[in-house]
Every structure is written in structure tokens, then in C-alpha cells.
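Chain by chain, the residues:
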Amino acid sequence: MRLCRSAPVVCLLSLAALPMVARPAAQTARPLTLVSLAEIPRLADPQLSPDGRFFTYQLSRADWRANRQVPHLYRQAVGGGAPLQLTNGDAGESTARWSPDGRSVAYLARGDSGLQIFVVSADGGAPRQLSRHVTGVYGGAAPQWTPDGASIYFLASDPQPDLVRERARLRDDLYLFEEDYNQRHLWKVTTAGGVEQRITDGPFSVIAFRLSRDGSRIAQHRTPTPLIADLHRGEIWSTDALGGAPRALTSNGVDEDEAEFSPDNSQVLFVAEANAQLEPNYTPTAFIVPAGGGSPRRLVDDFAPAIEHATWGPDGRTVFVVANMGVHSELFRIDVASRRAQQMTDGPHSVPFWMLQPSAGQMLFQFDEPDRLGDVWSLPLEGGAPTRLTGQYDRLATDYQLPRQEKAIWRSQDGTDVEGLLFYPNDYQPGRRYPLVVQLHGGPHESDKFGYGGGVIFNYVPVLTARGYAVLRPNYRGSVGYGDRFMRDVIGKYFKNMHLDVMAGVDSLIARGIVDPNRLAVMGWSAGGHLANKLITYTTRFKAASTGAAVANWVSLFAQSDTTATRTEWFGGVPWGPGSSFEPFWADSPLKDVAAVRTPTQFIAGEADTRVPLAQGLEMYRALKAGGVPTRLWLAPREGHQWGELRHQLAKGNAELEWFDRYVMERPYAWERAPGDPRDDLAPARPVP
């Protein structure tokens with residue numbers, strides 16, 4: 001990594017100069033399996049103490065008995081030394097936040113009525129439960145201390161009325177769809193006596209908030225309801241510390257995020273996926289709006305990277321951001337007055353977590369790298385070389401065989417340059433061709449970056465490479481980090497170029513002599529699954545496919561899904577009613593061309609998925625079944641759009657590996673089982689059709 005000190009709008013460093021990441025495997029290194037990948041501890045949410053001497057982090061380990069990752073909290077000195085485990089509850093703990101004096105740490109854990117706030121000494125000891133809120137504390141927003149340490153703010157849902165609870169007890173529980181919700185509001189609790197006080201009330205929900213640095217103001221994101229479908233109808237509001245003097249600071253049709261007062265409380269910073277006019281579906285960027293009201297303005301113009309996170313520097317003259325640059329993400333410093341950005345880090349990595357501690361003059365973050373899954377690093381606000389603070393993954397590359405990763409660039413059919421990540425098989429030998437799995441990211445307004453990402457074993461690239469597959473993760477049209485035109489290619493016609501981008505990438509690897517053109521597979525989840533469904537209707541070149549949470553019919557999905565805002569923009573309206581645009585929805589539906597499918601394809605869905613309900617997978621499954629194409633439909637009870645249960649993730653990986661091995665490798669596959677589960681000869685058979 002190196003510091004980029006140039007002052008123009010953006011210091012764009014060519015990743016073509018980044019090295020291929022190849023780690024010579026030690027003789028004792030072993031291939032990764034699904035189970036061994038799941039059992040690698042995962043580090044998250046590092047938080048620096050106010051004096052900069054210590055930091056906390058969350059470390060999760062696979063608990064097969066609990067059937068999930070269980071996180072605990074640790075404290076470590078910035079200067080080094082052994083970490084101190086602060087918590088060890090059976091259900092786990094998360095979201096640690098330092099008290100202003102650095103003596104205590106607040107966190108969330110299971111308590112009375114769901115999640116509650118607990119406090120533990122920073123030196124360890126017995127924790128005490130602080131909140132006892134009747135509906136529990138909302139876990140999607142971190143609790144925040146007041147500057148004097150006397151109180152902690154938090155979000156919580158309103159309780160069900162007594163009549164509703166009584167009807168539920170009697171099973172007289174008929175309810176109105178999308179009207180059976182409770183608003184979410186802001187509260188605070190005193191740290192001395194646990195006395196709770198309501199801060200906001202009314203026919204709206206507070207879905208996120210940030211306390212000003214002096215504790216006098218609160219920036220809030222308010223939506224009409226807590227439903228996902230209403231996020232784009234939300235606005236940024238400001239109030240005083242007790243919820244008084246409310247003022248709406250924005251009025252638009254986009255979903256804002258990370259609103260924060262400047263240190264002098266004169267301005268509010270926020271992030272939105274919008275252009276200068278606050279129209280939706282543009283590259284995510286940062287805006288500033290006067291705290292007294294006025295028109296928001298973009299923090300910096302002509303900035304191609306996508307700003308994922310932003311926060312004020314200590315003096316209010318600088319904003320620090322995490323920016324997505326395609327196959328990597330980096331830290332930038334932006335001068336507010338000149339509106340110029342300076343890149344502070346550079347390398348083959350992504351930044352999954354990041355925070356700034358103004359009182360310590362430091363940033364704390366994680367780098368997800370080809371040989372590390374997310375150790376903690378620090379960097380002074382004035383810049384310099386990042387310093388690694390944890391060694392959680394020191395032995396990862398020596399204990400396990402990790403694939404070589406490199407950025408690949410190719411030219412699509414219309415002449416546009418597209419890039420992605422190529423993972424080589426563990427036993428790669430130049431001149432030999434290998435089977436290829438194309439893995440497609442979700443979004444589509446996301447991108448695949450160096451490292452491995454989250455999801456425990458949901459995206460198990462190193463297991464695929466250990467089994468002899470090359471893996472391509474293309475950042476096809478619609479991905480972020482490449483500017484507005486690239487991202488907005490999906491507007492007006494969703495499958496305009498993305499499937500062509502993918503096939504051009506496959507052909508480039510074939511032309512390079514790396515990939516066997518007769519042994520291709522494709523997989524994807526959510527938007528990646530949409531694209532995989534499109535690809536099997538477009539070409540018969542893939543020998544196997546696996547798609548999860550994937551669209552079959554854009555028309556029916558529009559009615560079934562919990563969100564429609566982005567799809568209205570993509571397809572130019574809604575698919576029914578006067579002036580409707582039914583045809584664009586149907587024209588880009590994989591189901592329309594499903595009769596052309598010849599690729600053996602399995603479909604995977606969570607029974608509780610409200611984003612892409614299981615009916616979409618069922619439509620594709622029924623169609624392939626009727627057409628005589630080998631197919632399966634796997635359903636996971638209790639799972640939503642993102643899966644949490646370890647055995648479900650393990651079963652998904654097993655099902656996909658078995659499918660690919662049968663149709664691409666033409667070899668048998670033995671399912672991995674969780675530690676302690678019944679032997680294979682006692683487990684139920686799962687025959688491949």
C-alpha cells in the first residue's frame with residue numbers, strides 16, 4: 001500500500017500495476033473444504049477508544065450446535081499484546097461502543113424481551129444489563145453514548161396494543177398485509193439508573209440516527225413506515241437532543257444514509273445513490289446540506305468511485321470516505337472547500353468495516369485481502385502508511401492453500417472495457433485448460449473486490465479452486481465503481497449488456513488458454529441469480545448452473561417483492577394500469593425465453609425471502625421440468641434473502657458442488673457434513689437426477 005499525495009479531484013491509480021497475488025503454499029498447507037472455511041473465525045466491527053490506546057472488535061466462530069456463527073467481544077491494545085475477551089454469553093454479543101471516558105464498553109446482547117444494552121468495564125469483569133425495553137433494542141442501529149456518558153440513545157419498535165396481543169393469544173390473528181407493523185422510534189436510557197426516556201413519537205419511523213459531537217443535536221433518517229418498500233420515501237431530519245425543534249432537511253425520492261452533523265453543527269453530511277439533482281439510480285456519493293435548511297450539494301463532482309461511507313474530520317474542513325473503485329475499495333480524504341479528493345490507500349483489498357475516532361486522530365478499518373479475511377488496520381488522519389493491528393489471519397496462507405487472485409480486463413461486444421477477478425485453481429499449471437465457474441455478484445449496483453467477502457461459506461471460492469475450478473467474478477454492466485454510465489446501463493433495458501459482458505469475459509479466458517470451453521458453469525445469488533437465469537436462456541454453453549433468490553418473471557416479482565422503487569426506474573414505470581410499461585418487464589424476464597434452456601440448472605430459495613420470493617424459483621423449476629431439462633428446487637425453511645443458519649449454507653454449497661461435479665467434471669461428489677452430524681450412511685439420500 002502507498003499514500004497517494006496528489007491533490008487533484010481524484011488520484012486514479014491503475015490497478016493494472018497491482019501484482020498478481022500468489023502465495024507459495026507450504027508443504028503442510030491443505031485445501032479448504034466447506035466445513036474448514038466455515039470454521040475460520042471472522043473478525044468484524046473494530047472500534048477505537050477515545051484516547052486511541054485500545055480497540056474492540058467482534059470475533060465470530062462457527063457453533064454447529066447453535067447452527068450459526070456466535071460472536072464475542074474482545075479488547076486489544078493498539079501497541080500490541082494479547083487480546084482480552086470481554087464477553088462470553090451463550091447467544092453472543094455485538095455492536096461494542098466505547099464510553100466517552102474510555103472506561104466502559106456498551107454492547108448488544110440477548111436479555112429481557114430480546115436484544116438489550118449491556119455495559120462492561122473496558123478492563124473486563126461482570127457485565128450489567130442497562131436497558132430493559134419492553135420490545136427490545138433494534139439491532140440495526142448502533143446505540144450511541146452522550147458526550148458526558150450519562151445516557152445512551154437507541155432505537156426500538158413500539159409495542160403491540162393490548163387488544164392485538166389478546167387477539168394473538170386467542171389465535172384471532174387475521175392481519176392486514178403491509179399494515180401490520182409498529183413504528184420504530186428513538187429512546188435514551190441513563191447509564192446510572194437505567195431510566196428510559198422516549199425521544200421521538202409520531203406516524204413515522206426512525207431507521208437510523210447520529211448524535212452530534214457536542215450532544216446537542218440529532219440527525220435522523222425518518223420514513224413513513226419501517227417497511228423496506230418505504231425507504232426511498234424517507235428524509236433526513238434534525239432535532240435537538242430531546243427530540244424538539246424537528247426540521248426536515250431533505251425532500252426527494254432517494255434513500256439517504258449516514259446523516260451526520262459537522263463538528264460545528266452548521267452542516268449535515270449524508271450519502272445517497274443519486275446525481276446532483278438528487279435523482280435516483282446514480283453512483284453513490286456524498287452530499288452536504290445546511291443544518292438550517294437549504295439545497296443539498298454534492299461534496300465532490302466528477303468522482304467515478306462509489307462512496308460507500310463518509311464522516312467528518314475533526315475540524316469540519318475535511319471529509320473522509322470509503323470509496324468503491326471496482327475490484328478494490330480505498331480510503332479518501334476530501335477537502336470540503338476545494339472539493340478535491342486525495343486517495344490515502346491503494347492495494348488489492350476491500351474495506352468491509354471502517355470508523356474514525358476524532359479525539360485520537362486515527363481511522364480504524366479492516367482490509368479483506370487475498371491472504372487475510374479482514375485483519376484490523378489503523379491510519380493517521382494526516383495520512384501515511386497503514387499499520388496492521390491484529391494477526392488473526394497470520395497463518396491462513398500457511399495452513400490452507402489459497403488461490404491466486406488477479407484483476408482481469410476484457411473488451412465487451414460494444415467495445416466497453418470490463419473487469420473482474422480471476423481466481424486460479426490451486427494446482428494451476430500454465431498451458432493447461434481448466435473448468436470455469438462464473439460467479440455473479442448481487443445488486444446489481446455492487447462489485448466484486450479482492451478478498452473473499454462475507455457470508456461465511458455462502459461464497460466459497462477457495463473451495464471451488466481447491467477442487468480444480470477456475471473462478472471468474474465479473475463486474476458486469478450495472479456494477480458500481482466505474483461511473484454513472486456503466487452503472488446506469490440497466491436503465492430502460494435491464495439485460496442490455498450485462499450478459500454480453502459475462503460471455504466476453506469467459507471468451508477472453510478461453511483465448512488466453514486458461515479455460516476449457518467445454519467445461520463451464522455459472523452461479524449467482526439475487527441480481528447475480530437474475531443474470532444467471534438470463535444466461536441459460538441466452539446460451540447453451542454452460543454445462544451446469546445454480547441460481548439463488550433469482551427472478552423468473554419481472555411482472556410477477558413486481559407484485560411479490562418487498563421493494564419496487566429501483567425496478568420502477570429500471571423498467572420505466574409499473575407493469576400495469578393506464579400508461580403502464582408491461583412489455584419491458586416481460587421482454588427481460590428469463591421465463592419468456594425459458595424454452596431455449598438446455599443447461600441442467602438448480603434453483604435455491606429461502607422460504608421467508610420477501611425480496612425475491614420462492615415463487616420465482618418455482619416458476620423456473622416448473623418450466624425446466626416441463627421441458628425435460630435436469631433441474632432441482634432447493635428450499636430453506638426460515639431463511640430470508642440472506643441466510644444465517646450454518647447447515648443451510650453448508651447444504652447449499654454441497655448441492656452446488658455436487659451439481660457442478662456431475663455435469664462439468666463428470667465425477668461423483670460426497671457431501672460434507674457438519675461436525676457431530678450423523679454418518680453419511682445414516683443421512684437421508686439426496687440423489688442427483
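Shown above is the structure to which this text applies.
Just so it is clear, the structure is predicted and the values come from calculations on it, not from any experiment.

## Structural notes on the side chain of Ser329
Residue position: Ser329 is located in strand β23 (residues 329-335). A distance of 2.8 Å separates the side chain of Ser329 from the backbone nitrogen of Val351, its partner in a polar contact. For Ser329, the residues in contact, after removing those within four places along its chain, are Glu308, Val322, Ala323, Asn324, His349, Ser350, Val351 and Lys449.

## Details of the side chain of Asn475
Take Asn475: it is sitting in strand β32 (residues 470-475). Within polar-contact distance, the side chain of Asn475 engages the side chain of Tyr482 at 2.9 Å. Beyond its immediate sequence surroundings of up to four residues, Asn475 is in contact with Gly326, Val327, Val418, Glu419, Gly420, His441, Ser447, Asp448, Tyr482 and Phe486.

## Structural notes on the sheet that holds strand β11 (residues 184-190)
The antiparallel open sheet is built from four strands, whose spatial order is β9-β10-β11-β12. The strands lining the two open edges of the sheet, one partner per strand, are β9 (144-145) and β12 (196-198). The pairing of strand β10 (residues 151-157) with β11 spans seven bridges and is classified as antiparallel. When the bridges of β11 are listed, Phe154 appears paired with Trp187.

## A short note on the pairing of strand β35 (residues 601-606)
Residues in a regular strand point their side chains to alternate faces of the sheet. With six of six residues buried, β35 lies mostly within the body of the structure. Neither face of β35 is left uncovered, since the one carrying Thr601, Phe603 and Ala605 and the one carrying Gln602, Ile604 and Gly606 both have all their residues buried. Pairing analysis gives four bridges linking strand β34 (residues 544-548) to β35, with the strands arranged parallel. Bridge pairing in β35 links Gly548 to Ile604. Where β35 lies against strand β36 (residues 631-636), six bridges are found, and the strand directions are parallel. Its bridge partner being in β36, Gln602 is matched across the sheet by Arg632.

## Re the sheet that holds β36
Pairing is mixed across the open sheet formed by eight strands, whose spatial order is β29-β30-β32-β31-β33-β34-β35-β36. Either end of the sheet is taken by a strand with one partner, and the two such strands are β29 (405-411) and β36. The mean inter-strand angle of the sheet, taken between neighbouring strand axes irrespective of direction, is 20°. Across five bridges, strand β33 (residues 515-525) lies against β34 in parallel orientation. Paired with Met523 across the bridge in β34 is Ser546. Sitting on the sheet, helix α12 (residues 646-665) is in contact with β31 (434-440), β33, β34, β35 and β36, with an inclination near 155° to β33.

## Section: the environment of Leu440
In this structure, Leu440 sits in strand β31. Not counting the four nearest positions on each side in its chain, Leu440 is found in contact with Pro474, Tyr476, Val502, Val522, Met523, Gly524, Trp525, Gly528, Leu531, Ala532 and Leu535.

## Focus on the packing of aromatic side chains
Evaluation of the coordinates by the stated rule reveals 25 aromatic pairs. Both rings, one in Tyr428 and one in Tyr434, keep their centres 5.5 Å apart while their planes meet at 40°; by these two values the pair is tilted. Each residue in the set Tyr494, Phe495, Trp554, Phe558, Trp570, Phe571, Trp576 and Phe585 is aromatic and connected to the rest through ring pairs, giving one cluster. Above the plane of the ring of Tyr282 lies Arg488, whose end atom (NZ or CZ) is 3.9 Å from the centre. Against the face of Tyr663 rests Arg662, its NZ or CZ located 5.5 Å from the ring centre.

## Brief notes about the pattern of salt bridges
The final tally for this structure, using the stated rule, is 36 salt bridges. Measuring nitrogen to oxygen at the nearest pair gives 2.9 Å for the salt bridge that ties Asp588 to Lys493. With a gap of 95 residues between them, Asp588 in the loop between α10 (582-587) and β35 and Lys493 in the loop between α5 (484-487) and α6 (498-511) connect regions that are remote in the sequence. Measuring nitrogen to oxygen at the nearest pair gives 3.1 Å for the salt bridge that ties Asp661 to Arg667. Taking the relative accessible area as the measure of exposure, Asp661 reaches 0% and is therefore buried.

## Examining unusual backbone geometry
For the bond running from Gly443 to Pro444, omega is 5°, close enough to zero to count as cis. Note on placement: Pro444 falls in the loop between β31 and α4 (461-466). Positive phi values are uncommon outside glycine, yet Asn67 reaches one of about 65°. Topologically, Asn67 is positioned in the loop between β2 (54-63) and β3 (68-77).

## Regarding α6
End to end, α6 covers 20 Å across 14 residues, agreeing with the expected 20 Å (1.5 Å per residue, within 8%). Taken across its 14 residues, α6 has 12 buried, putting it largely inside the fold. All of the buried residues in α6 are Met498, His499, Leu500, Asp501, Val502, Met503, Ala504, Gly505, Val506, Ser508, Leu509 and Ile510. Those residues of α6 that are buried lie in contact with β29, β30 (417-423), β31, β32, β33 and α7 (527-538). Positive backbone phi, approximately 80°, marks Gly513, located one or two places after α6.

## Brief notes about the nonpolar core
In summary, soluble globular proteins display a tendency toward joint burial of nonpolar side chains. Grouped together as the largest cluster of nonpolar side chains are 58 residues, with contacts concentrated most on Leu436, Leu440, Tyr494, Val522 and Trp554. Among the elements that take part in this core, α6 stands out by supplying seven residues, more than any other. If we skip the residues at most four places from it in the chain, Leu436 touches Ala470, Val471, Leu472, Val506, Leu509, Val515, Arg519, Leu520 and Ala521. Counting residues in each nonpolar core, the second largest holds 52 residues, with Leu37, Leu373, Val664 and Trp671 among its members.

## A short note on the environment of Asp368
Along the chain, the position of Asp368 falls in strand β26 (residues 362-369). As a C-alpha pair, Asp368 and Gln85 span 283 residues in sequence and 23 Å in three-dimensional space. Every residue in contact with Asp368, bar those within four places of it in the chain, is listed here: Pro348, His349, Ser350, Pro352, Leu373, Gly374, Phe450, Gly451, Tyr452 and Gly453. Within the structure, the side chain of Asp368 is placed 3.1 Å from the backbone nitrogen of Tyr452, a separation counted as a polar contact. A polar contact of 2.7 Å, which involves the side chain of Asp368, links it to the backbone nitrogen of Gly453.

## Considering the environment of Thr631
Structurally, Thr631 is set in strand β36. The buried category is assigned to Thr631, whose relative accessible area is 5%. Distance from Thr631 to Leu422, taken between C-alpha atoms, is 28 Å for residues 209 residues apart in sequence. At 2.8 Å, the side chain of Thr631 and the backbone oxygen of Thr601 are in polar contact.

## With respect to the pairing of β3
In terms of burial, β3 is largely enclosed, as nine of its 10 residues are buried. Here β2 pairs with β3 via 10 bridges, running antiparallel. In the strand pairing of β3, Asp63 is matched with Arg68. Taken together, β2 and the strand that follows it, β3, pair antiparallel across an intervening segment of four residues, in which Asn67 is found at a positive phi of about 65°. Note that β3 and strand β4 (residues 84-85) share two bridges and pair antiparallel. Counterpart to Arg75 in the pairing with β4 is Leu84.

Thresholds, definitions, all that
- Residues numbered from 1 in each chain as written.
- Predicted model: local features only at pLDDT ≥ 70, side-chain atom pairs only at ≥ 80, totals over all residues.
- Heavy atoms only, no water.
- Helix = DSSP H or I, 4+ residues; strand = E, 2+ residues; numbered from the N terminus.
- Polar contact = N/O pair within 3.5 Å; in protein donor to acceptor, adjacent residues only side chain to side chain.
- Contact = heavy atoms within 4.5 Å.
- Pairing = 2+ DSSP bridges.
- Buried < 20%, exposed > 50% of the residue type's maximum accessible area, 1.4 Å probe, protein only.
- Axes fitted to C-alpha atoms, helices over the stretch in contact; angles between N-to-C directions.
- Phe/Tyr/Trp six-rings, centres within 6.5 Å; stacked < 30°, edge-to-face > 60°.
- Lys NZ or Arg CZ within 6 Å of the ring centre and 35° of its normal.
- Salt bridge = Lys/Arg side-chain N within 4 Å of Asp/Glu carboxyl O.
- Expected span 1.5 Å × (residues − 1).
- Core = buried A, V, L, I, M, F, W, Y, C linked by side-chain atoms within 4.5 Å.

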